[in-house]
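A look at the structure
The chain contents come next:
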Amino acid sequence: MWFLILSTALLLLIFKLKKVFSYWKDRGVDYVNPLYYFGSFYENILRCNSRGDILHDIYNKFPNKRYVGFYNCFQPILLIRDIELIKRITVKDHETFHSHSEFIPPELDSLWSRNIVALQDRKLWNNLRSSLTPIFTTYNLKSSFTILQQFSNNFVNYLVNKSDGKNIIVEMKEITQRFSSDITAYYYFGAKCDAINNPDNQVHRMMGKAMMLSFLNTYTNVMGKLCPKILKWTGARAYSQEVRNFFFDIMKQSIKIRLENKSSTSDVISALMRFYKAEEYHINDVDSNILEDITAHAFVLLFSEYESVTSILSLIWYELTLNPDIQRKLYEEIVDTLEKFGGSVSYDAIMSMGYLDNFFDEILRLHQPNSIIDRRAMRDYIIEAENPGEKDIIIEKGATIWILQKGIQMDPDYFSNPETFDPDRFSNENKHNIKNGANMPFGSGPRSCPGNREFYTNYCISIF
């Protein structure tokens, strides 16, 4: 009896898997053969390869295709390779693809599901985006320049004092993480950290815990794709309760200080307070849902910038070390700029530096802050056939498409000698050779990163 039941269950499972993993074949789309249960990412799940490198291999296997299918566990995903199709999906037809795919079921962790990245409600997202965009205007960037410069000076002074005039070996990524903690904690939570001089600072330690990709994070991500119901039963979350409580308390204190002082600064916290009308509440009586929303938005912005600043600045030091000629050229431009602006570092001085701008563009082309751009279809969408061998395909409502930035930005069809670090490819004399839409380190379309100019300012001050 039990043998019959188990055999029937096994046959049903095999039938189900065959049906799931025949999704792209049935639609006539070229695809990568999956490993059952784990799809195309079993090497990433086993920590043998990065997701970005796996996707890059998939991208390169189909050089003449506009798109290719693969599987993220049980989930069929379409990888878009064609620039014109990418622009159509992310810009022209943005209303159909205005949301990101779900990392985990939204009801499991409000700190994740309520942030601006995960928001599915298009109207709410548009209104929130409009409220945050003014923070990153030239006026506000100039206003915050002195603070950012102070963090950079602390960074440089730490290295100078540590070296004491001698050559030393330092772990730049670890130091850059501390520098990133100082900037992001202040900018998004109003917290003074000084991790550059005090690596045991509690804010810095808690940020490290929040950003660490632990086994539990991997389990949550995988099970969210394999069987979301299991996550609901286990009560798994994207962030630990310790991390949640810590950042909730910091945000509550920051809001309290602003209400007490009746300050009207143009930073992220103040913008979120205005959006949720938190100014209307008594100091000790801010609605818990509003506090959670504000914390969720600030936290995902902190998460994004902390990771980006840490990785990109580390890679900047790496490329400068590998390319002494580029380092010398950049240094000469800095010296010339200081002479031009009377020896002072200012926002206008940095924005006037053409080679620094080219250098930054090339860093982000070769070392992308994010590996993919993802979008979720809010209604059925037809990709019409254009090339021989293609046929019309339907991206069904709720389906996910991915765009591999690394694939596009490392494609020799768009960038000559893509493995070579060459800032001059973005010079005024050469940038006309770059196809429109081929370089998209901060995303594409209205859902691209709103803080790209603030990121740029951070990086440039640090290099300067």
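Rules of the game
- Along each chain, residue indices are assigned from 1 in the same order as the chain's sequence is written.
- Under the rules for a predicted model, residues below a pLDDT of 70 receive no local features and side-chain atom pairs below 80 are neither given nor counted, while totals for whole chains, interfaces and linings still include all residues.
- For side-chain calculations, the full set of non-hydrogen atoms in the structure is used, while hydrogens and water are omitted.
- UniProt positions are given in the numbering used here, feature names are shortened, and annotations may be inferred rather than shown by experiment.
- Per the convention used, a helix needs a DSSP run of H or I reaching at least four residues, while a strand needs a run of E reaching at least two, with both numbered from the N terminus.
- Here the term buried applies to any residue with accessible area under 20% of the maximum for its type, exposed to any over 50%, and partly exposed to those in between, with areas from a 1.4 Å probe on protein chains only.
- In this description, contact between two residues means that some pair of their heavy atoms is separated by no more than 4.5 Å.
- By this definition, two strands are paired if DSSP reports at least two bridges between them.
- Only the stretch in contact is used when a helix axis is fitted, and all axes are lines through C-alpha atoms; the angle between N-to-C directions ranges over 0 to 180 degrees.
- A side-chain nitrogen of Lys or Arg and a carboxyl oxygen of Asp or Glu constitute a salt bridge if their distance falls within 4 Å.
- To define a nonpolar core, start from buried Ala, Val, Leu, Ile, Met, Phe, Trp, Tyr and Cys residues and group those joined through side-chain atoms within 4.5 Å.
- Given the number of residues in a helix, its expected span is that number minus one, multiplied by 1.5 Å.
- Arc definition: directions from the helix axis to the C-beta atoms.
- N or O atoms within 3.5 Å of each other form a polar contact, as long as, within protein, one can give a hydrogen and the other can take it, and as long as residues adjacent in sequence are counted only when both atoms are side-chain atoms.
- When an angle is under 35 degrees it counts as roughly parallel; over 145 it counts as roughly antiparallel; between 65 and 115 it counts as roughly perpendicular; any other value is oblique.
- Throughout this entry, Asp, Glu, Lys and Arg are counted as charged residues, while Ala, Val, Leu, Ile, Met, Phe, Trp, Tyr, Cys and Pro are counted as nonpolar. The remaining residues, Gly among them, count as polar.
- Only rings of Phe, Tyr and Trp enter the pairing, Trp through its six-membered ring, and a pair is recorded when the two centres are within 6.5 Å. The plane angle decides the type: under 30 degrees is stacked, over 60 is edge-to-face, the rest tilted.

You'll find the protein entered in an unreviewed UniProt entry as Cytochrome P450, with Pyrocoelia pectoralis given as the organism. The UniProt entry for the protein carries the following text under Cofactor (unreviewed entry): "heme". Database annotation for the protein, UniProt heading Function (unreviewed entry): "May be involved in the metabolism of insect hormones and in the breakdown of synthetic insecticides."

1. Quick notes on the overall build of the protein
Each helix and strand in the protein was counted, giving 21 helices and six strands. In the protein, which comprises 464 residues, the share counted as buried stands at 48%. Once local pairs closer than 6 in sequence are excluded, the contacts in the protein between residues at least 24 apart make up 70%.

2. Side note on the pairing of strand 2 (residues 75–80)
Here six bridges tie strand 1 (residues 67–72) to strand 2, and the two strands are oriented antiparallel to one another. Of the residues in strand 2, the one forming a bridge with G69 is L78. Between the end of strand 1 and the start of strand 2, which pair antiparallel, lie two residues, with C73 showing a positive phi angle near 60°. Both strand 2 and strand 6 (residues 400–404) contribute to a ladder of four bridges, which runs parallel. Residue I80 lies in a different strand from strand 6, and its bridge partner there is I403.

3. A few points about the UniProt feature "binding site: heme" (unreviewed entry) in the protein
The sites that UniProt annotates as "binding site: heme" (unreviewed entry) are C449. Among residues more than four places away in sequence, those in contact with C449 are R129, F442 and F455.

4. Here's the deal with the sheet that holds strand 2
Strand order in this open sheet of four strands is 1-2-6-3, and the pairing throughout is mixed. In this open sheet, the two strands that pair with only one neighbour each are strand 1 and strand 3 (372–376). Neighbouring strand axes in the sheet, compared pairwise and without regard to direction, differ in orientation by 30° on average. Here strand 3 pairs with strand 6 via five bridges, running antiparallel. Among the inter-strand pairings, R376 is bridged to a residue of strand 6, identified as T400. Packed on one face of the sheet, helix 4 (residues 51–61) meets strand 1, strand 2, strand 3 and strand 6 and runs near 90° to strand 6.

5. Observations regarding the pattern of salt bridges
A full pass over the atoms with the stated rule returns 13 salt bridges. Here E390 ties to R66 by a salt bridge, and the two come within 2.9 Å at their closest N and O atoms. Of the two residues, E390 is situated in the loop between strand 4 (381–383) and strand 5 (393–395) and R66 in the loop between helix 4 and strand 1; the sequence distance between them amounts to 324 residues. The class for E390 is partly exposed, based on a relative accessible area of 21%.

6. Describing the nonpolar core
In terms of nonpolar packing, the biggest core is built from 86 residues, with F189, F247, I294, I316 and F359 touching the most fellow members. Top contributing element to this core by residue count: helix 16 (residues 288–322), with 16 residues. Beyond its immediate chain neighbours, meaning those up to four positions away, F359 contacts I316, L320, I326, L330, F421, P423 and I463. One finds V29, I54, L78 and I434 within the second-largest nonpolar core, a separate group that totals 42 residues.

7. Overview of the pairing of strand 1
The buried fraction of strand 1 amounts to six of the six residues, a majority that puts the element mostly inside the structure. By the alternation rule, side chains of strand 1 split into Y67, G69 and Y71 and V68, F70 and N72, which are all buried.

8. Section: helix 9 (residues 145–163)
When the terminal C-alpha atoms of helix 9 are compared, their 27 Å separation across 19 residues agrees well with the 27 Å that a helix rising 1.5 Å per residue should span. Taken as a whole, helix 9 has its buried residues at F145, L148, F151, S152, F155, Y158 and S163. Around the axis of helix 9, the buried residues are gathered within 155° of arc, so they sit on the same side. Away from its buried face by more than 90 degrees, helix 9 exposes T146 and N161.

9. Overview of unusual backbone geometry
The phi dihedral of D194 falls on the positive side, at around 55°, and the residue is not glycine. Mapped onto the secondary structure, D194 falls in the loop between helix 10 (172–189) and helix 11 (202–211). Given a relative accessible area of 38%, D194 falls into the partly exposed group. With phi around 45°, N417 is a residue other than glycine that occupies positive phi space. Within the secondary structure, N417 is located in the loop between helix 20 (405–409) and helix 21 (452–463).

10. What about the side chain of S448?
Looking at the secondary structure, you find S448 in the loop between helix 20 and helix 21. At 2.9 Å, the side chain of S448 and the backbone oxygen of G445 are in polar contact. If we ignore the near neighbours within four places in the chain, the residues touching S448 are R129, R375, F442 and G443.

11. Quick word on the packing of helix 14 (residues 241–261) against helix 15 (residues 268–275)
Packing of helix 14 against helix 15 leaves a shortest axis separation of 11 Å and a crossing angle of 80°. Here helix 14 is positioned roughly perpendicular relative to helix 15, judged by the angle of their axes. Contact residues: helix 14 offers M251, S254, I255, R258 and L259, while helix 15 offers I269, S270 and M273. For the contact of helix 14 with helix 15, a count of residues per class yields five nonpolar, two polar and one charged.

12. Things to note about the environment of I89
Summarising the element assignment, I89 is placed in helix 5 (residues 83–92). Assessed through its relative accessible area of 0%, I89 is described here as buried. Those residues in contact with I89, other than ones at most four positions away along the chain, are I80, H94, F97, Y381 and I401.

13. Some details on the packing of aromatic side chains
Inspection of the entire model under this criterion finds 12 aromatic pairs. Here F155 and F179 contribute two aromatic rings whose centre-to-centre distance is 4.7 Å and whose plane-to-plane angle is 15°, an arrangement assigned as stacked. Of the two residues, F155 sits in helix 9 while F179 sits in helix 10, which places them 24 residues apart along the sequence. The buried category is assigned to F179, whose relative accessible area is 1%.

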